[in-house]
Amino acid sequence: MKKIVMACWIILLATVLAGCSKGNGSDNGENQQPAQSPKTGDEQQGSQEGATGFEKRITFTATSVDVTENGNYTEDEIFKTLDEKFNFEYKLVPLSWDNWAERDRLWINSGDMPDMMFWDFNYTDYLNYSKQGLIKPLPDDYESKYPNLANSIKKSGIGDFLKSQDPDGRLYMVPNVIYNNPVTETTDIIIDSKVLYYRQDWAKKVGIQVGDTITMEQIAQLGKAFVEQDPGNNGAGKTIGLSSAPDQLFAAFVQPFNKHYKIFHKVDGKYVWGAFEDSTLEGVKNFEYYFKQGFMDKDFYTFKAQEHLEKFNAGISGMFVWGASAANVNERMQAFDKANPDLDSLESIGIATIVGDDGKFYGEQNLMNFWTGEIFSPTLDDETFDRILTILDYIATPEGQRLIFAGIEGKDYEMNGEELVITREKDSAGNFKYIADMYPSYYFFYTKVILPDDWSARDPSLPAAVRDRAISMFRVKEKITDVVPPDYELILLSTPNKNKFSINVVDAIVQALYSGKDIETAWEEWKLSSEPKVRDVLNEINGALIK
């Protein structure tokens, strides 16, 4: 599931990355209280009417990651339930995360692709494949014939854009939507999930109360109090106030000055690079100012994995920056509880949205609400194609989502009106068993149409307090941020210099901080050295997109 986790990291780190971990099925078993059933859009009449009436059995081939050559994906109750409805069988072609993109490309260009392919979307390839007839378009009437599927495609945001770029207005892919029903109340646009996690019990000990939001200055006050008063009893000089990786720290202390500090964006009718804007330098200087106060982890730039999380769980540090999807929050709570059996994570850990001095949230921009997609062989016959799309349409319904992510009604869960109660078996540790361990076909279906992020946002197997915290943070953010749709034209633009542009702004900030020079001098020197490559990209972008 490694790459599916990356869907969240796209939201979390330029990702999403959040909330698609194995926690979907192995969460703490404390939540036996009825939970609101996850919704994935209004259940509509359409291809589901009379779905059990398919007399002719169809067979199709499909690629998939997370399946193996010898795995059995047709004998469990999830597959059998779908088979009873749609009378089909599939022959799965395993892919590895290391080879899937290249194997897809070879199959497509050779004209020998399987009927349905799990595809790592590339806009340039998409245009080429569709123009050359190498992939099959969706039917012109797909929106009326498969209304649930069409709703998910629309929620992805990319579907309408792709149709607008096609001379015949056709769509050649089913994009996999990340959030079919976002947890926000006023927008479907993805909002950056990063927040500050902090030791709430320590904050009480040092006499500081934190609300739903926290400013940079308040973070500094809390961090210095942790270091000076040592509420974790680590000993003098051993407690760290805030420990996180560079990208996360800069999200807290640089991004409030320029939310575009790492990306190209449009200003006054033309595109610029955020890193070269004066506001980014002000943000870098702001980080240096707070870093010198001594409450941050001095080794932050050496982190290669999740050392900061380990320090937090060990009671060495008191804060870190991380994503706050429900799955993210639950994962962090469970890890803390495991490391601290004498403490209650819900009492010990708080989360807060990091805001600028003006009280606004400045999250990462251009976060798209889809990742990967399904494409289809041009030789696929229309009857089989219709059956596949009918199955996908069912997957996009609330009933279909419950089947895949909650299991079998009456065995794994029960419905109490609109509330869903998990009754799935538990393991020896008292946690609900992972759904894929019970139903291997999950490994195929969980990446189709709606990605696991959507279910995890309201997963009834998660403790209610965890879900509520995560949802609350998103709703706080949407009220104090400027929500801007992704710039698809820019994101998907493919030009020679843009495609190979590799300047890493996060690395540049670290290098400037440790250059031994005045931060402003170091930054201006870096800008000067980077300017030719940036200029070439901007010339391409503005030449292509500014009319």
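Here, every reference points to the structure presented above.
Residues numbered from 1 in each chain as written. Predicted model: local features only at pLDDT ≥ 70, side-chain atom pairs only at ≥ 80, totals over all residues. Heavy atoms only, no water.

1. Concerning the pattern of salt bridges
Pairing of side chains with opposite charge becomes possible as their charged atoms draw close. Selection rule: What makes a salt bridge here is a side-chain nitrogen of Lys or Arg within 4 Å of a carboxyl oxygen of Asp or Glu, nothing more. Per the convention used, a helix needs a DSSP run of H or I reaching at least four residues, while a strand needs a run of E reaching at least two, with both numbered from the N terminus. Each residue's exposure class comes from its accessible area (1.4 Å probe, protein chains only) as a fraction of the maximum for that residue type: buried when under 20%, exposed when over 50%, partly exposed otherwise.
Counted according to the given criterion, the structure contains 30 salt bridges. Among the salt bridges present, the one from Glu282 reaches Lys285, with a minimum N-O distance of 3.5 Å. With Glu282 and Lys285 both in helix 12 (residues 278-291), this residue pair falls three residues apart, about one helical turn. Residue classification places Glu282 among the partly exposed residues on the basis of a relative accessible area of 37%. On the basis of relative accessible area, Lys285 is assigned to the partly exposed category, the value being 28%. By sharing partners, the salt bridges in this structure join Asp192, Lys194, Asp247, Lys262 and Glu364 into a single network.

2. A short note on the sheet that holds strand 7 (residues 213-215)
Spelled out, the test is: Following DSSP output, two strands are said to pair if at least two bridges run between them. Fitted lines through C-alpha atoms give the axes, limited to the stretch in contact for helices. The angle between two N-to-C directions lies from 0 to 180 degrees. By definition in these notes, contact holds between two residues if any of their heavy atoms fall within 4.5 Å.
Strand order in this open sheet of four strands is 7-11-6-10, and the pairing throughout is mixed. Single-partner strands in this sheet number two, and they are strand 7 and strand 10 (319-323). Going across the sheet, the axis of each strand differs from the next one's by a mean of 45 degrees, ignoring polarity. In terms of strand pairing, strand 7 meets strand 11 (residues 349-355) through three bridges, oriented parallel. Paired with Ile214 across the strands is Ile354, a residue of strand 11. Each of strand 6 (194-199), strand 7, strand 10 and strand 11 is contacted by helix 10 (residues 216-229), which is oriented at about 85 degrees to strand 7, the strand it contacts most.

3. Details of unusual backbone geometry
Its identity is not glycine, yet Asp268 carries a phi of approximately 50 degrees, on the positive side. Considering the arrangement of structural elements, one finds Asp268 in the loop between strand 8 (264-267) and strand 9 (270-273).

4. A few points about the pairing of strand 2 (residues 58-65)
How we decide: Orient the strands so they point away from the viewer; a crossover is then right-handed if the path from the first strand over the helix to the second runs clockwise.
Taken across its eight residues, strand 2 has six buried, putting it largely inside the fold. Looking at chain direction, strand 2 and strand 3 (residues 88-95) are connected through eight bridges and run parallel. Following the sheet pairing, Ser64 is matched in strand 3 by Pro94. Read as a crossover between parallel neighbours, the route from strand 2 over helix 3 (residues 77-86) to strand 3 is right-handed.

5. Brief notes about the side chain of Asp66
As a reminder, the rule being used: Charge convention: Lys and Arg are scored as positive, Asp and Glu as negative, and His as well as the terminal groups of each chain are ignored. Think of a polar contact as two N or O atoms within 3.5 Å of one another; within protein, one of them needs to be a possible hydrogen donor and the other a possible acceptor, and neighboring residues in sequence only count if both atoms come from side chains.
Along the chain, Asp66 turns up in the loop between strand 2 and helix 3. There is no salt bridge for the buried Asp66, and the closest opposite charge comes from Lys448, which lies 8.8 Å off by N-O distance. At a separation of 2.5 Å, a polar atom in the side chain of Asp66 contacts the side chain of Tyr446.

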